[in-house]
Amino acid sequence: MARFHDLEVTDIQKTIRDAVVVTLKPVNGAAEAFDFTQGQYLTFRQDFDGDELRRSYSICAGKDDGILQVGIKRVDGGTFSTWANEDLKIGDTVQAMPPMGGFFTALDAGNEKNYLGFAGGSGITPVLSILKTTLAAEPNSTFTLVYANKGVNTIMFREELEDLKNTYMGRFNVIHILETDAQEIDLFTGLVTEDKCAQLFATGWIDIGSVDTAFICGPEPMMLGIAAALRTGGLTDAQIKFELFASSQPGRAKRKAVSKNAASGANQASATITLDGSTQAIEMPKDTTILDAALDNKMDAPFACKAGVCSTCRCRVLEGEVEMVSNHALEDYEVEKGYVLSCQSYPVTDNVVVDFDQ
Amino acid sequence: MAEDMSIESYLAAGGVLTNPSNVPPRYRAELMKLMTTFVDSELAGAAGFADIINAGPGIKERIAAAKIVLEKTDNADRVLKIMGEFGVDGNRYANHHPWTARLERDADIGASRTEQDMRLAVFNYPLAGWADAVVMNLLMGRAVAVQMAEFSMVSYQPLAEAFRAIAPIEARHAELAEEGLQKLLETEDKATLQASVDYWWPRVAASFGSATSAKAESLKGMGLRKTANADLKARWGAETKAVLENLGMTAG
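Residues numbered from 1 in each chain as written. Chains lettered and ligands numbered in written order. Predicted model: local features only at pLDDT ≥ 70, side-chain atom pairs only at ≥ 80, totals over all residues. Heavy atoms only, no water.

## What to know about the overall build of chain A
Here's step 1: From N to C terminus, chain A includes seven helices and 18 strands.
Here's step 2: Seen through its C-alpha atoms, chain A measures out along the principal axes to roughly 75 × 45 × 40 Å.
Here's step 3: Taking the contacts inside chain A whose residues are at least 6 apart along the sequence as the reference set, 65% of them involve residues at least 24 apart.
Here's step 4: About 15,800 Å² of surface is accessible on chain A, with carbon and sulfur atoms providing 45% of the total.
Here's step 5: Distance from the positive charge centre (31 side chains) to the negative charge centre (50 side chains) of chain A: 3 Å. (Helix = DSSP H or I, 4+ residues; strand = E, 2+ residues; numbered from the N terminus. Contact = heavy atoms within 4.5 Å. Areas by Shrake-Rupley, 256 points an atom, 1.4 Å probe, with all protein chains shown as cover. Lys, Arg positive; Asp, Glu negative; His and termini not counted. Charge placed at Lys NZ, Arg CZ, Asp CG, Glu CD.)

Have a look at this one:
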C-alpha cells in the first residue's frame, strides 16, 4: 500500500497570477520512492480544520531536471489549491504519496517518433514533463504541442516553452489556441474542439498521418473532441493517452448534525477495535465514524476514499450496532454477515466491537 | 472553455478516466469489482494450475504449465497494482485468501460466487488430472480472449492498457492448450477427453454471466461494458466450437 512521505518545499514560483510551481524535496530518505516517470502525478494530503483533504497534481518537471516540481492552479472555491497558492511557504513540510499514473510511453534513444500533445490550461503540467523528457531522451523524435488557454495572460509556462523551442529548434513546435484573445491566424482563436482539430489536420499545421502517439490533458469536453478527431484521423485507442483531473472529486461522508456540546453522556460510545492483530478499547462520540475514531486513536486503519465506495475500510461488527449512512461497495450478503464500511458507520449502541482483520 | 460537463455525461459520451481522483462513487465500486474479479480469477486459476505442473507427461508440458502459472500470477499483479492506486494493500490482498481452495467437482453453484472472493464461478471447480486441465485451459483460455477484447476497451485507461498488454499473453495460453490437446489426442482415449469438454463447456459458458443483467445498461453508460453478455458468450461458443471440431471433437 502506498504511504505518505514528508516533502520539504524548497521553492515556490508564481507562473501566472493564480498558479504556482512548487519544488519539493523528499526528506527522511524517501528520495528513491519519488523517482518519477514523466507525466506522473503526486497525491497530497493536508488537514483543514480537522478534515483531511487529498488532491492530486501532476509533476511538471522533466526527468533530467533533477528536481521534483508540481504545478498547482487555483480553482475557485478549491480549499487545497487556494491554500497552496496563498499560504504555502518555502521551508514548509507537505505530505504526498509516491508518484503514480501511467500517462507516458516508454522512451528509447533510438526512436524516431512524432508525438502530438494537447493541453488545456493547467493540463499543461504533465504534458510539459513528457515533452521535456522526450525531447531530451529521443534526439530523433519530434513533439508538437497544441496548448489551449483563455488568453495570453493565463498561459502557464509560456516563457519556458519559448526557451524549449529555441533549445529544440525544428523538433519542438507549439500552437497556442486562445479562447478570447485574437491572433494573427484566425484558426488559432477559439476552443479546441473536434472541428478545430480537423482544421489543424486539414490545413497542414499538424501532419496527423505521421503521428505515433498523442497525449491529451484537459477538461472533459476538450478531451472528447480531440479524441474523436484523432480517431477520425486514423489513430487507434492504444495510440491516444489521456490524463483527466476533474475538479469534482469524490464527496466526503456527511456527518450527522449533532451539537459538539452533546458529545458526552448519551452521545458517548465505547468501541473495541481490532486491527492488525491487536485490540484497543476507546471511548468515542456517536457522531464520529468508526474509521475516524480509530484514526484519532493512532490506529493505522485502512482507508482510501472515505466516501463509502472503495471498500478498503471494510470491517466487521461483532457486537453492538452501527448505522452505515452510505454503502456503494458492499454486497448484501456481506452486510448480512456484519460487514460495514467503517468510514460510513456511526455507533448506535453504547458498546460496539469491530474487527478490521476479518 | 466549457468545463461544466459532468463526469457521467463525459463517460456516456465515450470519455475515459485516468486516475482514482476522477472516479465517481458508483463507477469506482463497479471498477473495483471488475478488477477484483479478474485478479481473483487469475490467482485462483494460477493456483489450480500450479498443482497440476507435476502431472505433465513430459518436460515440455511441465514448462508450458509452469509458464502459464507464472504469467497468470504476473497478470494478476498488473491489475493489483492499479487497485493499489485506490488504496488496496496488494501484498495483503494477494495473501488474504487460499486461492487453491476448490469445491467438489459435482457442486452445483451455477454462476454464483463463493462468499470469500470474487473469482468467476468456473474457478471453484477442481481439475481432474493433466488432460482435464488442458481441456479446461483451452475452453477458458478462449473465453478469456473474448473477455480481454471486451475489457481492453473499458473507460478506465490504466486498466484498459493493462488488459491490452495481458491479452496476447492470455491468448498464448489458449494456444498452448490447443497444442497440448492435439498431442493428447494422439495417445489418450478420445472419449475421456470429450467427457472433460462436456464437463467444462457449460461451466465456462456460465462465466459470461446472465443474459439479463440488470446492471448492463448502467455499466454501458459508464463505459465499463460495450457488448452484452449473451453476445460475448455466442462469440466464444462459435470460435471454440470451430477449434474443437478442427481437432475432431464436438462442443459441449
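Structure shown, so let's carry the discussion forward.
## Focus on the nonpolar core
Here's step 1: Among the nonpolar cores identified, the biggest contains 107 residues, and A:Leu116, A:Phe118, A:Leu230 and B:Leu159 are the most heavily contacted of them.
Here's step 2: In terms of residues, this core owes the most to one element, helix H5 (residues 130-151) of chain B, which gives 13 residues.
Here's step 3: If we skip the residues at most four places from it in the chain, A:Phe118 touches A:Val127, A:Val146, A:Val192, A:Cys197, A:Phe215, A:Ile216, A:Cys217, A:Met222, A:Ile226 and A:Leu230.
Here's step 4: Membership of the second largest hydrophobic core comes to 27 residues, among which are A:Ala19, A:Ala119, A:Leu161 and A:Tyr168. (Core = buried A, V, L, I, M, F, W, Y, C linked by side-chain atoms within 4.5 Å. Buried < 20%, exposed > 50% of the residue type's maximum accessible area, 1.4 Å probe, protein only.)

## A closer look at the sheet that holds strand S7 (residues 114-120) of chain A
All names here are of chain A.
Here's step 1: Overall, parallel pairing links the five strands, which are arranged S9-S8-S7-S10-S11 in an open sheet. On the outer flanks of this sheet lie strand S9 (172-178) and strand S11 (240-243), each paired with one strand and no other. Within this sheet the neighbouring strands show an average axis-to-axis angle of 15 degrees, counted without direction.
Here's step 2: Where strand S10 (residues 213-217) meets S11, four bridges bridge the pair, whose relative direction is parallel. What sits directly across from Cys217, in S11, is Glu243.
Here's step 3: Sheet strands in contact with helix H2 (residues 124-137) are S7, strand S8 (142-149), S9 and S10, and its direction is about 165 degrees off that of S8. (Pairing = 2+ DSSP bridges. Axes fitted to C-alpha atoms, helices over the stretch in contact; angles between N-to-C directions.)

## Examining the packing of aromatic side chains
Residues and elements named next belong to chain A.
Here's step 1: All told, the structure shown has 18 aromatic pairs over all chains when counted by the stated rule.
Here's step 2: Note on Phe188 and Trp205: the rings are 4.9 Å apart at their centroids and 65 degrees apart in plane angle, and the pair reads as edge-to-face. Remark: Trp205 occurs in the loop between helix H4 (194-202) and S10 and Phe188 occurs in the loop between S9 and H4; sequence separation between them is 17 residues.
Here's step 3: Over the face of the ring belonging to Tyr339 we find Arg314, whose NZ or CZ atom lies 3.9 Å from the ring centre. (Phe/Tyr/Trp six-rings, centres within 6.5 Å; stacked < 30°, edge-to-face > 60°. Lys NZ or Arg CZ within 6 Å of the ring centre and 35° of its normal.)

## A look at unusual backbone geometry
All names here are of chain A.
Here's step 1: With a phi close to 60 degrees, Asn28 is a non-glycine residue in the positive phi region.
Here's step 2: Note that Asn28 resides in the loop between strand S2 (19-26) and strand S3 (41-48).
Here's step 3: A positive phi angle is found at Lys298, which is not glycine, with a value near 65 degrees.
Here's step 4: Summarising the element assignment, Lys298 is placed in the loop between helix H6 (290-296) and strand S14 (314-319).
Here's step 5: In this structure Lys298 comes out as exposed when scored by relative accessible area, which is 78%.

## Brief notes about the pattern of salt bridges
Here's step 1: Scanning the entire structure with this criterion turns up 19 salt bridges over all chains.
Here's step 2: A salt bridge links A:Asp18 to A:Lys73, with the shortest nitrogen-to-oxygen separation between them at 3.9 Å. Note that A:Asp18 is positioned in the loop between strand S1 (5-16) and S2 and A:Lys73 in strand S5 (residues 68-73), a separation of 55 residues in sequence.
Here's step 3: Classification of A:Lys73 by relative accessible area gives partly exposed; the value is 26%.
Here's step 4: A salt bridge links B:Lys67 to B:Glu71; the shortest N-O distance between them is 3.1 Å. Of this pair, B:Lys67 and B:Glu71 are both found in helix H3 (residues 59-84), four residues apart, which corresponds to roughly one turn of the helix.
Here's step 5: The structure contains a network of salt bridges with shared partners spanning A:Asp65, A:Lys132 and A:Glu160. (Salt bridge = Lys/Arg side-chain N within 4 Å of Asp/Glu carboxyl O.)

## Focus on the packing of H5(B) against helix H7 (residues 190-206) of chain B
Residues and elements named next belong to chain B.
Here's step 1: Across the interface, H5 lies against H7 with an axial gap of 9 Å and an inter-helix angle of 35 degrees. Pair H5 / H7 crosses with right-handed handedness. Taking contact as the criterion, the partners of Ala131, Asp132, Val135, Met136, Leu139, Met140 and Ala143 in H5 are, on H7, Leu193, Ser196, Val197, Trp200, Trp201 and Val204.
Here's step 2: Counted by class, the contact of H5 with H7 contains 11 nonpolar, one polar and one charged residues. (Left-handed = near helix turned anticlockwise from the far one by under 90°. Nonpolar A, V, L, I, M, F, W, Y, C, P; charged D, E, K, R; others polar.)

## What to know about helix H5 (residues 220-232) of chain A
Here's step 1: When the terminal C-alpha atoms of H5(A) are compared, their 19 Å separation across 13 residues agrees well with the 18 Å that a helix rising 1.5 Å per residue should span.
Here's step 2: Buried within H5(A) are the following residues: A:Glu220, A:Met222, A:Met223, A:Leu224, A:Gly225, A:Ile226, A:Ala227, A:Ala229 and A:Leu230.
Here's step 3: Packing partners of the buried residues in H5(A) comprise S7, S8, H4, S10 and S11 of chain A together with helix H1 (7-12) of chain B. (Expected span 1.5 Å × (residues − 1).)

## Describing the domain arrangement of chain A
The extent of an interface is frequently quoted as the accessible surface area lost upon association of the parts.
Residue and element names in this part refer to chain A.
Here's step 1: Under the domain assignment used here, chain A contains domain 1 (5-96), domain 2 (114-243) and domain 3 (263-355).
Here's step 2: One C-alpha centre belongs to domain 1, the other to domain 2, and the line joining them spans 25 Å.
Here's step 3: Each partner contributes to the interface: domain 1 provides 18 residues, whereas domain 2 provides 15 residues.
Here's step 4: Summing the contributions of domain 1 and of domain 2, the shared interface buries around 1,200 Å²; its carbon and sulfur component is 62%.
Here's step 5: When the buried area of domain 1 at its contact with domain 2 is split by residue, Ile16, Gln38 and Cys60 rank highest and sum to 34% of it.
Here's step 6: Counting across the domain 1 and domain 2 interface gives one salt bridge.
Here's step 7: For Asp65, the salt bridge is made with Lys132, and the minimal N-O distance between the two is 2.9 Å.
Here's step 8: Along the contact surface separating domain 1 from domain 2 lie five residue pairs in polar contact (both at pLDDT 80 or more).
Here's step 9: Breaking the side of domain 1 that touches domain 2 down by element, the ones donating at least two residues are S1, S2 and S5. (Domains from an automatic or database assignment. Buried area = accessible area lost by both parts, 1.4 Å probe. Polar contact = N/O pair within 3.5 Å; in protein donor to acceptor, adjacent residues only side chain to side chain.)

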